[in-house]
Amino acid sequence: MYKSLFTSFCFLISTLSFGQNPLHKKIDQTASAIESKVIDWRRDIHQNPELGNQETRTAALVAKHLRQLGLEVKENIAVTGVVGFLKGGHEGPTVALRADMDALPVTERNDLPFKSTKTTIYNDQETGIMHACGHDTHVSILMGVAEVLAGMKDDLHGNVKFIFQPAEEGVFDPGIDSWGAKQMVEEGVMKEVDAIFGLHINSQTEVGKIKYRPGPAMAAVDNLKLIVNGRQAHGAYPWSSVDPIVTSAQIVNSLQTIISRNVNITENPAIVTIGSIHGGVRQNIIPEKVEMLGTIRTYGTQQQELIHKRIREIVSHTAEAAGAKVDIQIDKIYPSTINNPELTEKMLQTLYAVAGEENVIYHDPITGAEDFSYFQQQAPGLFIFLGGMPKGKDPTKVAAHHTPDFFIDEESLKIGVRALSYLTVDYMDQQ
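Treat the numbers as computed from the prediction; the structure is a model and nothing was measured.

Reading guide: rules and limits
- Residues numbered from 1 in each chain as written.
- Predicted model: local features only at pLDDT ≥ 70, side-chain atom pairs only at ≥ 80, totals over all residues.
- Heavy atoms only, no water.
- Helix = DSSP H or I, 4+ residues; strand = E, 2+ residues; numbered from the N terminus.
- Rg over C-alpha atoms; globule rule 2.2 N^0.38 Å.
- Buried < 20%, exposed > 50% of the residue type's maximum accessible area, 1.4 Å probe, protein only.
- Contact = heavy atoms within 4.5 Å.
- Areas by Shrake-Rupley, 256 points an atom, 1.4 Å probe, with all protein chains shown as cover.
- Lys, Arg positive; Asp, Glu negative; His and termini not counted.
- Charge placed at Lys NZ, Arg CZ, Asp CG, Glu CD.
- Polar contact = N/O pair within 3.5 Å; in protein donor to acceptor, adjacent residues only side chain to side chain.
- Core = buried A, V, L, I, M, F, W, Y, C linked by side-chain atoms within 4.5 Å.
- Salt bridge = Lys/Arg side-chain N within 4 Å of Asp/Glu carboxyl O.
- Pairing = 2+ DSSP bridges.
- Axes fitted to C-alpha atoms, helices over the stretch in contact; angles between N-to-C directions.
- Parallel < 35°, antiparallel > 145°, perpendicular 65-115°, else oblique.
- Left-handed = near helix turned anticlockwise from the far one by under 90°.
- Nonpolar A, V, L, I, M, F, W, Y, C, P; charged D, E, K, R; others polar.
- Expected span 1.5 Å × (residues − 1).

Caption draft 1: Highlighting the overall build of the protein. Secondary structure summary: the protein contains 11 helices and 18 strands in total. Computed over the C-alpha atoms, the radius of gyration of the protein is 24 Å, within 12% of the 22 Å expected from 2.2 N^0.38 for a compact globule of 431 residues. Here the C-alpha coordinates of the protein stretch approximately 80 × 50 × 45 Å along the principal axes. With 431 residues in all, the protein has 53% of them scored as buried. In the protein, the proportion of contacts linking residues at least 24 apart, taken out of those at least 6 apart, comes to 82%. Put simply, the protein shows about 19,400 Å² of open surface, and 49% of that area lies on carbon and sulfur atoms. Once the 39 positive and 52 negative side-chain charges of the protein are each reduced to a mean point, those two points are 2 Å apart.

Here's what the structure looks like:
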């Protein structure tokens, strides 16, 4: 119903006559002139990736560029974050634009002249570091947008805050419970912001296309940790044990009934996944305990509370029936990414102007998560997906995000620069 009403509204407004913002032409000219520079930035950042809260080189590159443009720059926000402030020539709203800077512990397999060869020790194992989610493109795009808008600041009816955020993927340190967007908000970066825009490159959406969704667009993510405590015994005498392995198997199977029997999936999707199970050291020893790790994806507070409640009930009662005890830990990580419906409606014509109406696509809910949601809790926000897949490729066969073969067509960078620049000036003019 939500989709059909929104689509009808969009069809109605698309039949009306809208004059194109005269600043679009100036944006296009500058975006074309600096395209090669944006690509060079992207390749440099890609070849020198840094994990969450370690983005010192990337942050220094960003800060230097923003200062050269004459922006007011603040560094070391939320550890390694950078914020640049551009004051426009006329009074008006303050628009925030965000790019995340961190890479992942993934070893790159792409055969590129700017391939990452950096390594690190993660979870006691040596691994490569790679921009396997496209944050290198986000940074270079926003650096380009800063150059475009700084060059026309006298024409701007408002101000722009450029947020270069660390640690969207986390900081890989279980002792830290605040990072990335959450910590930037805590340190005040969203003060006096009237609206915020962000984008995410997508390796399985064709370059030239933009995807959007009003309302809940990406899921909330919670971490689940279960420790099933039993009684150890010889594997030949299982009756002497309280077997945490058998109990854990029953828990895993029973958890699947939450989605299939408790959640109304016609309204929104939900996920309960156990991704890690560890227990025992030898084939003929029933261990004392088993540890399980999982992820929970939900849309909306009511659905989240229901799933948390059912997890606790199922896990504790299953363990009790087996004579075991269980420690249950659920940590809320990111809330759902919710695009402000009114803002999305207002900016849809802008997206049409960037990519053409036929290339702007309404997408289904995504069970991935994004900490851009913390910014959206402070001001109306719109988060879109930018196509990065080479034209003509099959999206089911290209490499997904967070994989060693993740690849982005650099033709998408100029479109990203134009998209964020258009959204900024059009929002200002609408106000």
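Caption draft 2: Expanded view of the side chain of serine 116. You can see serine 116 is positioned in the loop between β3 (90-100) and β4 (119-122). The class of serine 116 is buried, set by a relative accessible area of 5%. Looking at serine 116, its side chain comes within polar contact range of the main-chain nitrogen of lysine 118, at 3.5 Å. A distance of 2.5 Å separates the side chain of serine 116 from the backbone oxygen of isoleucine 129, its partner in a polar contact.

Caption draft 3: Main features of the nonpolar core. With 70 residues, the main nonpolar core has Leu97, Leu149, Phe162, Phe164 and Phe197 as its most contacted residues. Residues in contact with phenylalanine 162, not counting those within four places in the same chain, are Leu71, Val82, Val83, Gly84, Leu86, Leu97, Leu142, Val145, Ala146 and Leu149. Counting 26 residues, the second largest nonpolar core, distinct from the first, contains Ile77, Trp179, Met184 and Ile333.

Caption draft 4: Up close: the pattern of salt bridges. Under the counting rule described, the total for this entry stands at 18 salt bridges. In this structure, lysine 309 engages glutamate 313 in a salt bridge whose closest nitrogen and oxygen atoms are separated by 2.8 Å. Of this pair, lysine 309 and glutamate 313 both sit in helix α8 (residues 301-321), 4 residues apart, which is roughly one turn of that helix. Since its relative accessible area comes to 48%, lysine 309 is described here as partly exposed.

Caption draft 5: Expanded view of the sheet that holds strand β15 (residues 325-334). Taken together, the 4 strands give an open sheet; going across it, the order is β12-β14-β10-β15, and neighbouring strands pair in antiparallel fashion. The strands lining the two open edges of the sheet, one partner per strand, are β12 (271-278) and β15. Across the sheet, the axes of successive neighbouring strands diverge by a mean angle of 20°, strand direction being ignored. In the sheet, β12 pairs with strand β14 (residues 289-298) via 7 bridges, with the strands oriented antiparallel. Counted as the bridge partner of isoleucine 271 is arginine 297 from β14.

Caption draft 6: Here's a closer look at the packing of helix α9 (residues 341-355) against helix α11 (residues 412-430). Between α9 and α11, the least distance of the axes is 9 Å, while the angle of their chain directions is 135°. Comparing the axis directions of α9 and α11 gives the class oblique. The way α9 lies across α11 gives a crossing that is right-handed. Across from Leu343, Lys346, Met347, Thr350, Leu351, Ala353 and Val354 in α9, the residues of α11 making contact are Ile415, Arg418, Ala419, Tyr422, Leu423, Asp426, Tyr427 and Gln430. Among the residues forming the contact of α9 with α11, the class breakdown is 10 nonpolar, 2 polar and 3 charged.

Caption draft 7: Region of the structure containing α11. Here α11 contains 19 residues, and its C-alpha end-to-end distance of 27 Å stays within 8% of the 27 Å for a straight helix at 1.5 Å per residue. In terms of burial, α11 is a largely internal element, 16 of the 19 residues being buried.

Caption draft 8: Here's a closer look at the pairing of strand β2 (residues 81-87). Among the 7 residues of β2, 5 are classified as buried, and the element is accordingly described as predominantly covered. Here strand β1 (residues 72-77) pairs with β2 via 4 bridges, running antiparallel. Following the sheet pairing, lysine 74 is matched in β2 by valine 83. Hairpin connection between β1 and β2: a loop of 3 residues separates the two successive antiparallel strands, and alanine 78 in this loop has a positive phi of roughly 50°. Here β2 runs beside strand β6 (residues 157-165); their pairing, made up of 6 bridges, is antiparallel. Within β6, the position partnered with valine 82 by the bridge is phenylalanine 164.

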